[in-house]
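# Observations on the model geometry
Residue-level listing of the chains:
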Amino acid sequence: MDTKRAARYPFLKESAEFAEKNSADLESLLTSESYAPARVRGRERVLQALENYEVSYVELMTDYDRLIEVMSYPYARMIVSLIGDRFLTKRYALAEAVRMNELLNKEDRETVLMVSEELGVSSAVARDGTIHMNFPDFLRLASRLNSVEWKLINSDIHHGVVYLPQDKFSRLMQNALQDKIESELPLMTPDEYKGYLAGDVTAVTMALADTKMKMSPTNGEGMKTEFLPPCLVHILEMSRNGLNLPHSARFAVVTFLKALGLGYEDIIKVFAESPDFDESKSEYQIKHIMGELSGGEGYSPPECKTMKTNGLCYNPDKLCEQEWMNHPLKYYRTKVKDKERNAQRPPENPAGPQ
Ligand code: SF4
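Residues numbered from 1 in each chain as written. Predicted model: local features only at pLDDT ≥ 70, side-chain atom pairs only at ≥ 80, totals over all residues.

### Structural notes on the overall build of the chain
Test applied: For the purposes of this entry, the term helix denotes a DSSP run of H or I that reaches at least four residues, the term strand denotes a run of E that reaches at least two, and both are numbered from the N terminus. Contact definition: two residues whose C-beta atoms, as placed from backbone geometry, lie within 7 Å.
Scanning the chain for helices and strands turns up 16 helices and 4 strands. Taken along the three principal axes of its C-alpha coordinates, the chain extends 75 × 60 × 55 Å. Here the analysis covers contacts within the chain between residues at least 6 apart in sequence; of these, 74% occur between residues at least 24 apart.

### Digging into the environment of Arg240
With respect to the secondary-structure elements, Arg240 resides in helix H11 (residues 230-240). Between the alpha carbons of Arg240 and Ala272 there is a distance of 8.4 Å; along the sequence they are 32 residues apart.

### Observations regarding the site of the ligand
For clarity, the threshold we go by: Working rule for contacts: place C-beta from the backbone, and if it is within 6 Å of a molecule or strand, that residue counts as near it. Three classes are used: nonpolar for Ala, Val, Leu, Ile, Met, Phe, Trp, Tyr, Cys and Pro, charged for Asp, Glu, Lys and Arg, and polar for all others, with Gly counted as polar.
Close contacts around the ligand come from Pro229, Pro230, Cys231, Cys304, Met307, Cys313, Pro316, Cys320, Met325, Pro328 and Tyr331, and that covers them all. Taken together, the residues of the shell around the ligand break down into 11 nonpolar, no polar and no charged.

### Some words on helix H2 (residues 13-21)
Quick reminder of the rule: Buried means a residue has 20 or more other C-beta atoms within 10 Å of its own C-beta, exposed means 12 or fewer, and partly exposed covers the counts in between; C-beta atoms are placed from the backbone. By definition, the arc is the one covered by directions from the helix axis to the C-beta atoms.
Among the residues making up H2, those that are buried are Ser15, Phe18 and Ala19. Along the axis of H2, the buried residues cluster in a sector spanning 95°; they form a single face. Projecting away from the buried face of H2 at angles above 90 degrees are the exposed residues Lys13, Glu17, Glu20 and Lys21. Packed against the buried residues of H2 are helix H1 (3-8) and helix H5 (63-83).

### Looking at the sheet that holds strand S3 (residues 156-158)
Here is the rule: Pairs of strands are assigned from DSSP output, requiring at least two bridges between the strands. Every angle, taken between N-to-C directions, lies between 0 and 180 degrees, and every axis is a line fitted to C-alpha atoms, over only the stretch in contact when it is a helix.
Spatially, S1-S2-S4-S3 is the arrangement adopted by the 4 strands of the open sheet, whose pairing is antiparallel. The open sheet has two edge strands with one neighbour each: strand S1 (123-125) and S3. Sheet twist, expressed as the average angle between the axes of neighbouring strands with direction ignored, equals 30°. Pairing geometry for S3 and strand S4 (residues 161-164), over 3 bridges, is antiparallel.

### Structural notes on the pairing of S4
Burial of S4 is one-sided: the residues Val162 and Leu164 facing one way are buried, the residues Val161 and Tyr163 facing the other way are not. Two strands pair when backbone bridges link them, and strand S2 (residues 131-134) and S4 are joined in this way by 4 bridges, in the antiparallel orientation. Across the sheet, residue His132 finds its bridge partner in S4, namely Tyr163. What sits between S3 and S4 in their antiparallel hairpin is a turn of 2 residues, with His159 showing a positive phi close to 50°.

### What to know about the domain arrangement of the chain
For clarity, the threshold we go by: Reported domain spans reflect what an automatic or database domain assignment gives.
Each domain of the chain was delimited in the assignment, giving domain 1 (1-84 + 186-215) and domain 2 (225-344). Distance between the C-alpha centres of domain 1 and domain 2: 40 Å.

### Structural notes on unusual backbone geometry
For the peptide bond that leads from Leu185 to Pro186, omega is 5°, which places it in the cis range. For Pro186, the location among the structural elements is in the loop between helix H9 (166-184) and helix H10 (191-215). Positive phi, close to 65°, is recorded for Tyr53, a residue that is not glycine. For Tyr53, a count of 11 C-beta atoms within 10 Å translates into the label exposed. Backbone geometry places His159, a non-glycine residue, at a positive phi of 50°. Classification of His159 by C-beta neighbours within 10 Å gives exposed; the count is 5.

### A look at the nonpolar core
The criterion, for reference: Connectivity within a nonpolar core runs through C-beta atoms within 7 Å, and the core itself is a set of buried Ala, Val, Leu, Ile, Met, Phe, Trp, Tyr and Cys residues.
Counting 53 residues, the largest nonpolar core has Val70, Met71, Ile79 and Met173 as its most contacted members. The dominant element in this core, judged by the number of residues it contributes, is H5, at 11 residues. Not counting residues up to four positions away in its chain, the partners in contact with Val70 are Ala6, Ala7, Pro10, Ser15, Phe18 and Ala19. Counting 21 residues, the second-largest nonpolar core is a separate cluster that includes Ile235, Ala249, Leu260 and Ile286.

### Regarding H9
Heads up, the condition is: Given the number of residues in a helix, its expected span is that number minus one, multiplied by 1.5 Å.
With 19 residues, H9 should reach 27 Å at 1.5 Å per residue; the first-to-last C-alpha distance of 26 Å fits that figure. Those residues of H9 that sit buried are Lys168, Phe169, Ser170, Arg171, Leu172, Met173, Gln174, Asn175, Ala176, Leu177, Gln178 and Ile181. Those residues of H9 that are buried lie in contact with helix H6 (86-104), helix H7 (109-118), S2, helix H8 (135-142) and S4.

### As for the packing of helix H4 (residues 36-52) against H6
Let me state the cut-off plainly: Each angle gets one of four labels, with under 35 degrees taken as roughly parallel, over 145 as roughly antiparallel, 65 to 115 as roughly perpendicular, and the rest as oblique.
Running from amino to carboxyl end, H4 crosses H6 at an angle of 95°, the nearest separation of the two axes being 9 Å. In terms of orientation, H4 and H6 fall into the roughly perpendicular class. Every residue of H6 that contacts H4 at Val46, Gln48, Ala49 and Leu50 is listed here: Arg91, Tyr92 and Ala95. Tallied by class, the residues present in the contact of H4 with H6 amount to 5 nonpolar, 1 polar and 1 charged.

Now the structure itself:
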């Protein structure tokens, strides 16, 4: 058994066997003092995912340290599962996958093939040292990579098999691991175990709220009408006056407000100002656009170019005319920053220079 490999890739069967051989079960992970470092490291894995988009790895020299690293992985997954937040799950899955890519890229071929098999991708090493995989697997994993190097025309394909250098193969395995973790979570955690995880769940929940707030263009402060771009001001006025909004305008408003961090309850209030507001009709539409019905991420707000094509670029002002202005969200952020900058300026001396 290669314990170093088990610690590097804790999702392998080999890692589970390593834990089993050391009688490291779920109960001892949650309750035993000897696994306290695994619990600390498990929490750290999730916090690093939130803060750095990547779980760290240091080479571990002893089997005890490697066992702790292996056990920290299920602990981290339990924390993420109990919080049950889609954003956190995706961020965590990505961070574990990025870590694996970094390691796999420099790994020996035996390990590369073992990892890919665990991830459900059959692969083999060609005579020239490249790694080959079936075309359907390649298509599934590479289709979301947009850079030109991943275009089919730039791929080495023969008879339904794709040949890749190790770095590109590892990059595809990153996508495979991300998908695997996302599909496996949340795990069902027995009720009697939840209390042991409560402290770490609270700490990560707070860090998650903080991360979401920092990501929001408004620092989680909701929408301030003074910063709205003229197109959104106009559309909201139309809604308030009971004018029938085209679907593209509703779509623009919902996605824009969602991007500012507003939830369904706040967004529906905006539409409720319309005199002929009918919640039963609006609810489905808004939740669909927000991705709440599909459990997805929802849609992104349209950029200025699309707004113009849809005839929604109403009353563009001087800021809109700037060459770099390409998105209503950029307009909003620029206005916020301008206001902050003005607030920091020292007040002018009313008496003038002495
Ligand atoms: S230029 Fe962009 S931000 Fe300005 S009104 Fe048109 S769509 Fe809105």
